[in-house]
Amino acid sequence: MIYFIGAGPGDVDLITVKGRRLLEAADVVIYAGSLVWDEHLKFCKSGFKKYNSASMTLEEVISIMVSEQNQSSDKTIVRLHTGDPSIYGAIREQMDELDKHHMKYCVIPGVSSFTASAAAIKKEFTLPNVSQTVIITRMEGRTPVPPEEDLEKLAAHKCSMAIFLSVQDIENVVAKLTKGYGRDDVPVAVVYKATWPEEKIIMGRLNNIAEKVKAEGIGNFSQILVGDFIEGEYDRSLLYHPQFTHGFRKGVK
């Protein structure tokens, strides 16, 4: 069986229990070496085969999976991705190719860097009367985005945002967000390598975050979190309010 496993954002203990168990049992591991901390491989059994996919093409990755699985159907093959593989993991194209070869596979979710970044700054994306929506997106670059998903248009919703793969273009990100939100004082947090030993947090607002990021020399491996959930007033949750009745508790009138 082939398993696509989310390794989590960095810290090796943020992989799921199921993911760790499968990694420990793996005969073959193909890992995204440019993104996944190789400390994960220390949990693998003796004699396992490893492949670093950082310099590989899709065709090369699939060739290894198919070859290894054809050698023995009992082999456990792990494709180890950073964060959660369903977000910018490029796993759909891998699964489609495996379907052509009639290979069985399973996806094991993981902790995404956007939730790890919110944890790092000790904030909650969804606050009553502030935002009940989180937009996960990226700035267009060599990989385009659909026109209707332009960053300025998304920011116009004025909800919480988590922006991947874009810190290298922070000035353009800020320009689009400022137009979309309609103000330049929106709180921003840039989290570099959330949960890694070298994690770094930069707090600011749209009117100063680009300068702060450049001063720190950060150009990759970062989440840009944007929105009023980062600071400011919010309403108390009804779920735990003493006057709120729900299926498990009668409120006090």
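Further up the page is the structure itself.
Residues numbered from 1 in each chain as written. Predicted model: local features only at pLDDT ≥ 70, side-chain atom pairs only at ≥ 80, totals over all residues. Heavy atoms only, no water.

> Outline the side chain of Lys176, supporting the account with residue identities and numerical values.
Along the polypeptide, Lys176 turns up in helix α6 (residues 170-181). For Lys176, a relative accessible area of 19% translates into the label buried. Separated by 2.8 Å, the side chains of Lys176 and Asp150 make a polar contact. Once residues lying within four places of it in the same chain are set aside, the contact partners of Lys176 are Met139, Asp150, Leu151 and Glu152. (Helix = DSSP H or I, 4+ residues; strand = E, 2+ residues; numbered from the N terminus. Buried < 20%, exposed > 50% of the residue type's maximum accessible area, 1.4 Å probe, protein only. Polar contact = N/O pair within 3.5 Å; in protein donor to acceptor, adjacent residues only side chain to side chain. Contact = heavy atoms within 4.5 Å.)

> I'd love a proper account of the side chain of Arg20, names of residues and values included.
Following the sequence through the fold, Arg20 ends up in helix α1 (residues 17-25). Since its relative accessible area comes to 14%, Arg20 is described here as buried.

> How would you summarise the pairing of strand β7 (residues 160-164) if you had to cite specific residues and measurements?
With five of five residues buried, β7 is to be regarded as a mostly interior element. Alternating residues of β7 divide into Ser160, Ala162 and Phe164 and Met161 and Ile163, and every residue in both groups is buried. Looking at chain direction, strand β6 (residues 134-138) and β7 are connected through five bridges and run parallel. Bridge pairing in β7 places Ile136 opposite Ala162. Strand direction decides the pairing type here: β7 and strand β10 (residues 222-226), joined by three bridges, are antiparallel. Across the sheet, the residue bridging to Ile163 is Ile224, located in β10. (Pairing = 2+ DSSP bridges.)

> Provide a residue-level description of the sheet that holds strand β3 (residues 49-52), including the pertinent values.
Two strands in a sheet stick together by hydrogen bonds in their backbones, pointing the same way (parallel) or opposite ways (antiparallel). One open sheet accounts for five strands, arranged β3-β2-β4-β1-β5; its pairing is parallel. Edge strands, defined here as strands with exactly one partner in the open sheet, are β3 and β5 (105-108). On average, each strand axis in the sheet is inclined to that of its neighbour by 15 degrees, with strand direction left out of account. Of the pairings in the sheet, the one linking strand β1 (residues 2-6) to strand β4 (residues 77-81) comprises five bridges and is parallel in character. Paired with Ile5 across the two strands is Leu80, which belongs to β4. (Axes fitted to C-alpha atoms, helices over the stretch in contact; angles between N-to-C directions.)

> Pulling in residues and values, what's your account of the packing of aromatic side chains?
A full pass over the atoms with the stated rule returns six aromatic pairs. When the centroid spacing of 5.1 Å and the interplanar angle of 55 degrees are considered together, the rings of Tyr88 and Phe164 count as tilted. Highlighted residues: Tyr88 in the loop between β4 and α3 (92-100) and Phe164 in strand β7, separated in sequence by 76 residues. A ring pair is formed by Phe125 and Phe229, whose centres lie 5.0 Å apart and whose planes are at 45 degrees; its orientation type is tilted. Here the residue Phe125 occupies a position in the loop between α4 (113-120) and β6, and Phe229 occupies one in the segment after β10, the gap between them amounting to 104 residues. A relative accessible area of 9% places Phe125 in the buried class. Classification of Phe229 as buried rests on a relative accessible area of 3%. Taken together, the ring pairs connect Tyr88, Phe114, Phe125, Phe164 and Phe229 into an aromatic cluster. For Lys193, the ring lying beneath its charged end belongs to Trp196, and the centroid distance is 4.2 Å. (Phe/Tyr/Trp six-rings, centres within 6.5 Å; stacked < 30°, edge-to-face > 60°. Lys NZ or Arg CZ within 6 Å of the ring centre and 35° of its normal.)

> Which residues make up the nonpolar core, and what are the values?
Counting residues in hydrophobic clusters, the biggest one holds 26 residues, and the most contacted among them are Met161, Leu177, Tyr181, Val190, Val213, Ile224 and Val226. Elements that contribute at least two residues to this core include exactly α5 (151-155), β7, α6, β8 (187-192), α7 (209-215) and β10. For this core, the leading source of residues is α6, giving five residues. Residues Leu23, Val36, Val78 and Ile108 belong to the second largest nonpolar core, which totals 16 residues. (Core = buried A, V, L, I, M, F, W, Y, C linked by side-chain atoms within 4.5 Å.)

Any functional reading would require information beyond the geometric quantities listed.
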